[in-house]
Amino acid sequence: MLGWRVIPRVGFGNFTVSPHGLGIAVGYFAGTMLLARRARERGFNEDHAWNAAALAVVGAILGARLAYIAGHLSDFQSPLEWLQIYKGGISLVGGMLGGFLAGYIYARRMNIDFLQLTDLGAPGIAIGVAIGRIGDLIIGDHLGKATDGWWGWTYKGGELISQPRCTYSTVDGCIVQGMTVHQTALYDMIWSLIIFAILMRLERKPRPKGFITLTWASLYAVGRILTDFARVDKEWFGLGLTGSQLTSIVVLGVCVYFLFERRGLAPAPMVVPRDAPMIQRGTGSPGVQRGQESPGPETLGEPMVEAATTTMTRPRPKVPEEELDPNVSVFRKSRERLGLPADRDPGVPATREAEAAEAPAAPPAAKQPRRKPEPEPEPEPEPEPEPEALDEDLDEFDWEP
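In what follows, the accompanying structure is described.

Quick notes on a nonpolar patch on the surface
Taken together, the side chains of I24, Y28, V57, V58, I61, L62, L66, I85 and I90 present a nonpolar region at the surface, about 730 Å² in accessible area. Elements represented by at least two residues in the nonpolar patch include exactly α1 (19-41) and α2 (46-71). Sorting elements by how many residues they give to the nonpolar patch places α2 first, with five residues.

Focus: the sheet that holds strand β4 (residues 143-146)
Either a parallel or an antiparallel arrangement is found when strands of a sheet pair, and the pairing is made through backbone hydrogen bonds. Pairing within the open sheet is mixed, and its four strands lie in the order β1-β5-β6-β4. Strands at the two margins of the open sheet, each flanked by one partner only, are β1 (2-4) and β4. Pairs of neighbouring strands in the sheet enclose a mean axial angle of 45°, with direction left out of account. Here β1 pairs with strand β5 (residues 153-155) via three bridges, running parallel. Bridge pairing in β5 links L2 to W153. Each of β1, β4 and β6 (180-183) touches helix α5 (residues 184-202); the most contacted strand, β6, lies at about 35° to it.

Remarks on the state of the cysteines
Tallied over the full model, the rule gives one disulfide. Between C166 and C174 runs a disulfide, and the two sulfur atoms are separated by 1.8 Å. In this structure the cystine formed by C166 and C174 twists about its S-S bond by roughly 80°; its chirality is therefore right-handed. You can call C166 partly exposed: its relative accessible area is 39%. Its relative accessible area of 17% is what places C174 among the buried residues.

What about the packing of helix α3 (residues 92-110) against helix α6 (residues 211-227)?
The interhelical angle for the contact between α3 and α6, taken along N-to-C directions, is 165°, at an axis separation of 12 Å. Of the possible angle classes, the one that applies to α3 and α6 is roughly antiparallel. In the crossing of α3 with α6, the sense of the turn from one axis to the other is left-handed. Where α3 approaches α6, its residues L92, V93, M96 and F100 are matched on the opposing element by T213, W216, Y220 and R224. Looking at side-chain class alone, the contact of α3 with α6 contains six nonpolar, one polar and one charged residues.

Thresholds applied
- As a convention, each chain's residues are numbered from 1 in the sequence order in which they are written.
- With the structure being a predicted model, the display of local features is reserved for residues of pLDDT at least 70 and the display and counting of side-chain atom pairs for 80 or more, all residues being used for whole-chain, interface and lining totals.
- The side-chain values count all of the structure's non-hydrogen atoms but skip hydrogen atoms and water molecules.
- Patches in this entry comprise residues that are over 30% relatively accessible and not in a salt bridge; like charges within 9 Å are linked, as are nonpolar side chains (Val, Leu, Ile, Met, Phe, Trp, Tyr) within 5 Å.
- Exposure was quantified through the Shrake-Rupley algorithm and a 1.4 Å probe, taking into account, for residues, occlusion by the shown protein chains and nothing else.
- For this document, the term salt bridge refers to a Lys or Arg side-chain nitrogen within 4 Å of an Asp or Glu carboxyl oxygen.
- Going along the chain from the N terminus, every DSSP run of H or I of four or more residues is numbered as a helix, and every run of E of two or more is numbered as a strand.
- One requirement defines pairing of two strands: DSSP has to find at least two bridges between them.
- Geometry is summarised by axes, namely lines fitted to C-alpha atoms with helices restricted to the contacting stretch, and by angles between N-to-C directions that run from 0 to 180 degrees.
- The contact rule is simple, with two residues in contact once any of their heavy atoms fall within 4.5 Å.
- The rule for a disulfide is simple: a pair of cysteine sulfur atoms within 2.5 Å.
- Burial classes: relative accessible area under 20% of the type maximum marks a residue as buried, over 50% as exposed, and values in between as partly exposed (1.4 Å probe, protein chains only).
- We call two directions roughly parallel when the angle between them is under 35 degrees, roughly antiparallel when it is over 145, roughly perpendicular when it lies between 65 and 115, and oblique otherwise.
- Crossings are sorted by hand: turned counterclockwise from the far helix by less than a right angle, the near helix makes the crossing left-handed, and turned clockwise it makes it right-handed.
- Nonpolar residues are Ala, Val, Leu, Ile, Met, Phe, Trp, Tyr, Cys and Pro. Charged residues are Asp, Glu, Lys and Arg, and all others, Gly as well, are polar.

Next comes the structure, spelled out in structure tokens:
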């Protein structure tokens, strides 16, 4: 069986940090790095990936804390304790919902396609959750019910920051050193890695827009519904279900509905030209490129998306075998046009002498008689004025003696 002594804080001297918070930060950064890389590989502007992820941090923190407060309201003595997030108490499902809401607000504000953005980020979320769960394993968080199975985790001492509910079969009902329980954080980490592998496998073929996002949400919801049966948490409405299970059931139902509704849509383009604008929503004029100032919302427009989709999905035309090699085809056509044999190997260059020997002799051209150049006509002399007309002109003047 697995087991270790939990470590509530790590650091040097007076500077210490919680492995829980450090794991979340590293996992979030790794997921954002993967999102930016996938956006860059597909020709999108990765600046939107970083900006959306930065805003999603705020939404995730607020959503995670508010969801935990709503599910454990009786555990707080005053509203001031709601702000003491450093003492622990956050909900992963609530953080995801808050992050998605913040990302949706950013997408609407920047006029980009939210589903395309989340399709790029879904694998990053899966790998980020898996990395973040490492911090939970170090501090011994999310300990579940007692078990005798070989997959159980043995508590070997150390301060538990987030003490599970005292529902065990002990004197005071709380967990004690040496007890073997379900480590639900470990289950969640393994399931997130499996989801990541499934998503990367599904992306090998073009899928409708939003398919990757809905698949990730459905798979993670199924995992939370199953693993929460092993958790020690507050149950609601007498159904034996936790708040995360009830939320996951709703999310699963919505995702399955939209997966069936969108199953007949055309696949979204997996790669766009490098000089294309960032992710788009609806129709409009193309956006600006990286390094330029944006005069307004960036859009790509449906015509370009339809053209890219048609290019990817239309069948390839059948080409005759003799035209598979373009060099051979062009070589034969050019030699046939010149009246030369078309059986020469195009890879062997032919000399001018060999081409001249193969070319048919042209008939001699008939000699044309030489013409003598015709002399240019001489210009005609101007006529001299007649004497009588000159005398008449002189008579018009008044002559004095």
